[in-house]
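Single-letter residue listing:
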Amino acid sequence: MASHFYPLIGPYDSGDLAVLEYHLLTMKLAGIDGVIVDWYGLQQFRDYSILHRNTQRLVDQVARLGMKFVICYEDQTIPALVKAGRLKSADRVAHAAGEIEWLAKRWFRLESYVRLEGRPVLLSFGHAGLTNKEWQQCLAGLKSPVAYFSEHLRRSAAVGAFDWPIPAEGLDAIKRFRKTSGNWPHSIPVAFPRFVDIYAEARVRASYGRVDDNRGATFKASMTQALQLKAAFVQIATWNDWGEGTMIEPSREFAYRDLEVLQQLRRRHLDARFSATASDLRLPARLLRRRRTMTATVQARRSDRIARLIAAGKLAEARAELKETGRR
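Computed from a predicted model, the values in this text were never measured in an experiment.

Asks: Would you mind going over the side chain of glutamate 101 with me for this structure?
Replies: Within the element layout of this structure, glutamate 101 appears in helix α4 (residues 92-106). Within the buried set, glutamate 101 has no salt-bridge partner at all; the shortest N-O distance to an opposite charge, 5.5 Å, is to lysine 143. When neighbours within four sequence positions are excluded, glutamate 101 is seen to be in contact with Gly141, Leu142 and Lys143.

Asks: Looking at this model, I keep getting lost on helix α10 (residues 297-311). Mind explaining?
Replies: Every α-helical turn comprises 3.6 residues, leaving residues that sit three or four positions apart pointing alike. Between its first and last C-alpha atoms α10 spans 21 Å; for 15 residues at 1.5 Å apiece the expected length is 21 Å, and the two agree. Listed as buried for α10 are Gln299, Ser303, Ile306, Ala307, Leu309, Ile310 and Ala311. A positive phi of about 80 degrees marks glycine 313, the residue just after α10.

Asks: How should I be thinking about the packing of aromatic side chains in this particular structure?
Replies: Each aromatic ring pair is described using two quantities: the centre-to-centre distance and the angle formed by the ring planes. Applying the stated criterion to the full structure yields 16 aromatic pairs. Ring geometry for tryptophan 39 against tryptophan 102: centres 5.9 Å apart, planes inclined by 15 degrees, an arrangement best described as stacked. One end of the pair, tryptophan 39, is in strand β1 (residues 34-39); the other, tryptophan 102, is in helix α4, and 63 residues separate them in sequence. Residues tryptophan 39 and tryptophan 102 agree in their burial class; the two are buried. Look at tryptophan 135 and tyrosine 148: their rings are 4.4 Å apart centre to centre, the planes differ by 20 degrees, and that puts the pair in the stacked class.

Asks: In this structure, what is going on with the packing of helix α6 (residues 172-180) against helix α7 (residues 217-228)? I would like to understand it.
Replies: When two helices pack together, their arrangement is given by the angle between the helix axes and by the axis-to-axis distance. Close contact between α6 and α7 brings their axes to 10 Å; oriented N to C, the two are set at 10 degrees. Accordingly, the angle class assigned to the pair α6 and α7 is roughly parallel. Every residue of α7 that contacts α6 at Ile174, Lys175 and Arg178 is listed here: Ser222, Gln225 and Gln228. Split into classes, the residues belonging to the contact of α6 with α7 amount to 1 nonpolar, 3 polar and 2 charged.

Asks: Where do I start with the pairing of strand β2 (residues 68-73) in this structure?
Replies: Look at any regular strand and the pattern is simple: side chains alternate between the two faces of the sheet. The element β2 is extensively covered by neighbouring structure, given that 5 of its 6 residues are classed as buried. Relative to β2, β1 is paired through 6 bridges, and the arrangement is parallel. Bridge pairing in β2 links tryptophan 39 to tyrosine 73. Following the chain from β1 across helix α2 (residues 48-64) to the adjacent parallel β2, one finds a crossover that is right-handed.

The rules behind each value
Residues numbered from 1 in each chain as written. Predicted model: local features only at pLDDT ≥ 70, side-chain atom pairs only at ≥ 80, totals over all residues. Heavy atoms only, no water. Helix = DSSP H or I, 4+ residues; strand = E, 2+ residues; numbered from the N terminus. Buried < 20%, exposed > 50% of the residue type's maximum accessible area, 1.4 Å probe, protein only. Lys, Arg positive; Asp, Glu negative; His and termini not counted. Salt bridge = Lys/Arg side-chain N within 4 Å of Asp/Glu carboxyl O. Contact = heavy atoms within 4.5 Å. Expected span 1.5 Å × (residues − 1). Phe/Tyr/Trp six-rings, centres within 6.5 Å; stacked < 30°, edge-to-face > 60°. Axes fitted to C-alpha atoms, helices over the stretch in contact; angles between N-to-C directions. Parallel < 35°, antiparallel > 145°, perpendicular 65-115°, else oblique. Nonpolar A, V, L, I, M, F, W, Y, C, P; charged D, E, K, R; others polar. Pairing = 2+ DSSP bridges. Right-handed = clockwise from strand over helix to strand, strands pointing away.

Following this line, the structure appears as structure tokens:
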């Protein structure tokens, strides 16, 4: 993926277990509780099967490291399947229901899956997939109910909607969402650091526009406003969408700056006892470098132990282990 920015750990494979561990541990130390994963379904079409495989790997790592996850269903896949002749138009709703039933049997039942009022949370991205009526039909036919959130605007069968950056509106979009969502049962506000896409330069499409980083002020302001809504969830857009430049994953350009801000805001608004520090954020990268250079079984076991210590918040012990193994 082309980008204006560069990962601090260098280019990586999103299916690499060591990289997934690094991502999740870094999130956890920043004060992030879980991940929302774009899921393109089960079909052997385009790169959907690769994305599904990587999602399963992420789900496994989420459980291992004591975090949470939510699926955001990319229902835009449905018209793509119809256009390709892989799905009949009359079967659109049944196909979506089948995908969600698969989720219910495999992932919704996991302890690591996020629930709202006892129901698994499900998001859908955009409005280019199922229509409002089709989503009503789909959700009504499920064996087990879900807490469904649509994007920006609350669909008829949704408990609420989640917000997403709109470059043309910038931070004003947050005010709009606050006003629009006032009477909904639930909402998921969004925080974001910037929006600097690569689409025009890569000749993919016209750019969506730009939201400047403003030396970190954009993320701090959007996160503060999102937290002030006192919603059950706040979504950060994004961890690692490098193509749109919205990532808060550590980068060469911004290092750990946004994650340090996140730590401060968590202590101020959510948990005064949150104890991870800016220096702690560097531990997962040290562990990743260790995994990349040490392949012996005994060293892998030591790395597993360090990961468990970080996940459990035993950071002094993890730091001591990393220091000791670094001498070997």
